[in-house]
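What the coordinates show
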Amino acid sequence: MLISLIVPIHNEQAGLARFWQAVSASLKQSGYTFEVVMVDDGSTDDSWQLISELTTAGQSSIDITAIRLSRNFGKEAAILAGLRRAGGNAAIVIDADLQHPPKLIPKMLELWDKGKIPIVEGVKHKRQHESSLKRFGATLYYRVFKLSSGLDMRGASDFKLLDRRVIDHYINLPETARYFRGLTAWMGFDSAAIEFEPPNREAGMSGWSFRNLLALARTTIISFSSLPLRIVTWLGLIGLIFSLGLTIQTLWYKWMGYAEAGFPTIILLILGIGSMILFGLGLIGEYIGEIYREVKRRPSYIVSDIHSTSDRGGNPGNEHPTDTELASMHNDDYE
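In this report, the structure presented in the accompanying data block is examined. This is a predicted model, so every value here is computed, not measured.

Some words on helix α4 (residues 105–115)
Among the residues of α4, those classed as buried are Ile 105, Pro 106, Met 108, Leu 109 and Trp 112. Along α4, the residues classed as buried sweep out an arc of 160° about the axis, all on the same side. Phi turns positive one or two residues past the end of α4, at Lys 116, with a value near 55°.

Below, the structure is given as structure tokens:
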């Protein structure tokens, strides 16, 4: 039985050797046949050189496929590229920074094989050391995401085992803006959880800046919920009720004969209503922007190079060729 290991990589040169040693030791403990699909997501260091060297004949007894994306398309795109190449009965997505413990791989496989569970996910029992601001932001995000989408993602990670059925459903989803954790939860398959405490990074630095995390939060909430749009409706309703109340009050004062100059009230109303209108237009614009990006149907990534230790090289039948790759195929036909 073949198991695929999907490893998204971005500037992980410093820790790749330790990662490969830890993964190799864990895979040897299992009685399965493995392939490793390593996806370089536009690294600017020597990560691609290191993983391509692993595909050199005789370097490893495990089938290895190294995929290089033409630029940094993001981790979600790298995971998708790996899953499309995976040819196993199941696939395990794992980070290369060793914050997803490779020693848990045999336990994940045991739960999947014996329990026939489609998804086995690693759940963070405790977050790694981080600043108070980042911890507060993560807590706030998970609460807002649960409120808006109904999915509880607290402690969730990309460290997951997916059965072949789940992989096929995931790679055939039509959307281009993907959130791996959210979509696997949204699909609703039975799952089992393995708790782990992610260790601190031994080498390298996280590529997730505050700006990147903020952009991810925005994209995921918009992708999974229309609740922000409903907020615009609620604000409009609140404004209407307030305006009706103020109108009744103004008419009553005028009828009683002691109406006062309302210049400050008018200014506040204009500012308040104007702010609500701009806020509403901004939210609508965010959704229109996401629709615009989706209808263009651009590929989630472009593959620039592939090296493999075997002719099979993963599962090319699952790969959706991009325009660049199709053009290359046609050019080859005329040579």
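Some words on the pairing of strand β3 (residues 63–69)
Each regular strand displays side chains that alternate between the two surfaces of the sheet. Taking burial as the measure, the seven residues of β3 include five buried ones, the bulk of the element. In this sheet, β3 lies alongside strand β2 (residues 33–40) in parallel orientation, the contact comprising six bridges. Paired with Val 36 across the two strands is Ile 64, which belongs to β3. Alignment of β3 against strand β8 (residues 303–308), held across five bridges, turns out to be antiparallel. Bridge assignment links Ala 66 to a residue of β8, and that residue is His 307.

Digging into the environment of Ser 243
Relative to the helices and strands, Ser 243 resides in helix α9 (residues 227–256). Given the relative accessible area of 26%, Ser 243 is considered partly exposed. In sequence terms Ser 243 and Leu 269 are 26 residues apart; their C-alpha atoms lie 8.7 Å from each other.

Remarks on the pattern of salt bridges
Under the counting rule described, the total for this entry stands at eleven salt bridges. Note that Arg 68 and Asp 40 form a salt bridge whose closest N and O atoms lie 4.0 Å from each other. Within this pair, whereas Arg 68 is found in strand β3, its partner Asp 40 is found in strand β2, the two being separated by 28 residues in sequence. Arg 293 is paired through a salt bridge with Glu 290; the nearest N and O atoms lie 2.8 Å apart. One end of the pair, Arg 293, and the other, Glu 290, are both in helix α10 (residues 263–295), three residues apart, so they sit about a helical turn from each other. Classification of Glu 290 by relative accessible area gives buried; the value is 10%. Here the salt bridges do not stand alone but share partners, grouping Lys 75, Asp 95, Asp 158 and Arg 181 into one network.

Side note on the side chain of Glu 76
Among the structural elements, Glu 76 can be located in helix α3 (residues 75–85). In this structure Glu 76 is buried but unpaired, with Arg 181 as the nearest side chain of opposite charge at 6.1 Å.

A closer look at the packing of aromatic side chains
Scanning the model with the defined rule gives four aromatic pairs in all. Measuring from centroid to centroid gives 6.5 Å for Tyr 32 and Phe 34, while their planes differ by 75°, and the two rings are edge-to-face. Taking relative accessible area as the criterion, Phe 34 reaches 7% and is therefore assigned buried. Aromatic side chains Tyr 170 and Phe 180 sit 5.5 Å apart centroid to centroid with 90° between the ring planes, which places their arrangement in the edge-to-face category. Taken together, the residues Tyr 170 in helix α6 (residues 164–171) and Phe 180 in helix α7 (residues 180–186) connect sequence positions ten residues apart. In this structure Phe 180 comes out as buried when scored by relative accessible area, which is 0%. The ring of Phe 73 carries the charged tip of Arg 71 above its face, separated from the ring centre by 4.0 Å. One residue, Arg 178, lies across the ring of Tyr 170, its end atom 5.0 Å from the ring centre.

Calculation rules
- Residues numbered from 1 in each chain as written.
- Predicted model: local features only at pLDDT ≥ 70, side-chain atom pairs only at ≥ 80, totals over all residues.
- Heavy atoms only, no water.
- Buried < 20%, exposed > 50% of the residue type's maximum accessible area, 1.4 Å probe, protein only.
- Helix = DSSP H or I, 4+ residues; strand = E, 2+ residues; numbered from the N terminus.
- Arc of directions from axis to C-beta.
- Pairing = 2+ DSSP bridges.
- Salt bridge = Lys/Arg side-chain N within 4 Å of Asp/Glu carboxyl O.
- Lys, Arg positive; Asp, Glu negative; His and termini not counted.
- Phe/Tyr/Trp six-rings, centres within 6.5 Å; stacked < 30°, edge-to-face > 60°.
- Lys NZ or Arg CZ within 6 Å of the ring centre and 35° of its normal.

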